[in-house]
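# Structure at a glance
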Amino acid sequence: MNWIYEPWPWYVAGPLIALTMFILLFLGKQFGMSSNLRTMCSMGGAGKAADFFKFDWKKERWNLMVVVGAVIGGFLASNYMSNNTVAINPKVAQQLSQDYGIDSGGKAYLPPELFAKENLDDPFVLAILIFGGFMVGFGARYAGGCTSGHAISGLSNLLLPSLIAVIGFFIGGLIMVHLIYPLIFG
């Protein structure tokens with residue numbers, strides 16, 4: 001079972017992703033997580049309020065199983081199939097400690113400095129989480145899909161808008177980490 005605790009090498013994970021995408025392409029399906037929110041809203045009757053939610057959501061039920069599987073798989077992996085540590089470069093761990101006060105770098109997948117339940121007691125942190133969640137959701141819909149949808153499904157279908165979106169995701173991430181994060185939490 002040791003092979004399941006470690007990250008899989010690219011030559012195993014890459015072909016598995018390619019095989020999954022080939023099957024989805026063959027079946028005429030597209031992978032993505034953010035589209036499930038639209039499906040769930042449509043199931044709940046949001047089509048009465050906005051035309052965006054008026055579509056045949058029953059054709060997209062299969063993708064809801066992807067979300068269920070991701071939640072169950074994440075729970076099982078984090079609680080039963082992981083040693084809860086990740087190997088990172090010692091220089092990165094030192095920089096995380098010096099620049100951001102994260103002393104658990106390389107010791108935990110979810111650093112308690114960021115993900116402890118006590119952090120939710122701070123109204124500022126809670127406001128940042130709510131605002132950030134709204135911006136991620138809005139951005140995913142505005143971009144026509146989320147990171148996984150564009151980067152995995154869109155790029156495998158050779159879609160230029162997906163390439164532009166993925167480049168934008170990376171640029172946005174770099175701006176956030178190097179410019180905005182230090183302003184908010186510095």
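Residues numbered from 1 in each chain as written. Predicted model: local features only at pLDDT ≥ 70, side-chain atom pairs only at ≥ 80, totals over all residues. Heavy atoms only, no water.

## Points about helix 8 (residues 147-156)
- Here helix 8 has its buried residues at Ser-148, Gly-149, His-150, Ser-153 and Gly-154.
- Looking at the buried positions of helix 8, the neighbouring elements they touch are helix 2 (10-27) and helix 9 (160-185).
- Looking one or two places after helix 8, you find Leu-158, whose phi comes out positive at around 60 degrees. (Buried < 20%, exposed > 50% of the residue type's maximum accessible area, 1.4 Å probe, protein only. Helix = DSSP H or I, 4+ residues; strand = E, 2+ residues; numbered from the N terminus. Contact = heavy atoms within 4.5 Å.)

## Notes on the environment of Leu-110
- Examined against the element boundaries, Leu-110 turns out to sit in the loop between helix 5 (90-100) and helix 6 (112-115).
- Sequence separation between Leu-110 and Leu-64 is 46 residues; the distance between their C-alpha atoms is 26 Å.

## Digging into the packing of helix 8 against helix 9
- In contact at an axis separation of 9 Å, helix 8 and helix 9 are set at 140 degrees when each is read in the N-to-C sense. Relative to helix 9, helix 8 is oriented oblique. Crossing geometry of helix 8 relative to helix 9 is assigned as left-handed. Contacts between helix 8 and helix 9 involve Thr-147, His-150, Ala-151, Gly-154 and Leu-155 on the former and, on the latter, Pro-161, Ser-162, Leu-163, Ala-165, Val-166 and Phe-169.
- Considered class by class, the residues forming the contact of helix 8 with helix 9 number 7 nonpolar, 4 polar and no charged. (Axes fitted to C-alpha atoms, helices over the stretch in contact; angles between N-to-C directions. Parallel < 35°, antiparallel > 145°, perpendicular 65-115°, else oblique. Left-handed = near helix turned anticlockwise from the far one by under 90°. Nonpolar A, V, L, I, M, F, W, Y, C, P; charged D, E, K, R; others polar.)

## Considerations on the side chain of Ser-153
- Structurally, Ser-153 is set in helix 8.
- Owing to a relative accessible area of 2%, Ser-153 belongs among the buried residues under this scheme.
- Apart from residues no more than four positions distant in its own chain, Ser-153 is found in contact with Met-21, Gln-30, Phe-31 and Ser-148.

## Notes on the packing of aromatic side chains
- Scanning the model with the defined rule gives 5 aromatic pairs in all.
- Relative to Phe-53, the ring of Phe-52 has its centre 5.2 Å away and its plane inclined at 75 degrees; by these criteria the two rings are edge-to-face.
- Residue classification places Phe-52 among the partly exposed positions, given a relative accessible area of 39%.
- Judged by relative accessible area, Phe-53 falls into the buried class, the value being 19%.
- Pairing Phe-134 with Phe-138 gives two aromatic rings, centres 6.3 Å apart and planes at 15 degrees, and the pair type is stacked. In this pair, Phe-134 and Phe-138 both sit in helix 7 (residues 123-142), 4 residues apart, roughly one turn of the helix. (Phe/Tyr/Trp six-rings, centres within 6.5 Å; stacked < 30°, edge-to-face > 60°.)

## Here's the deal with the pattern of salt bridges
- For the structure shown, the criterion picks out 1 salt bridge.
- For the salt bridge of Lys-54 with Asp-51, the shortest nitrogen-to-oxygen distance reads 3.2 Å. No difference in accessibility class separates Lys-54 from Asp-51, as the two residues are exposed. (Salt bridge = Lys/Arg side-chain N within 4 Å of Asp/Glu carboxyl O.)

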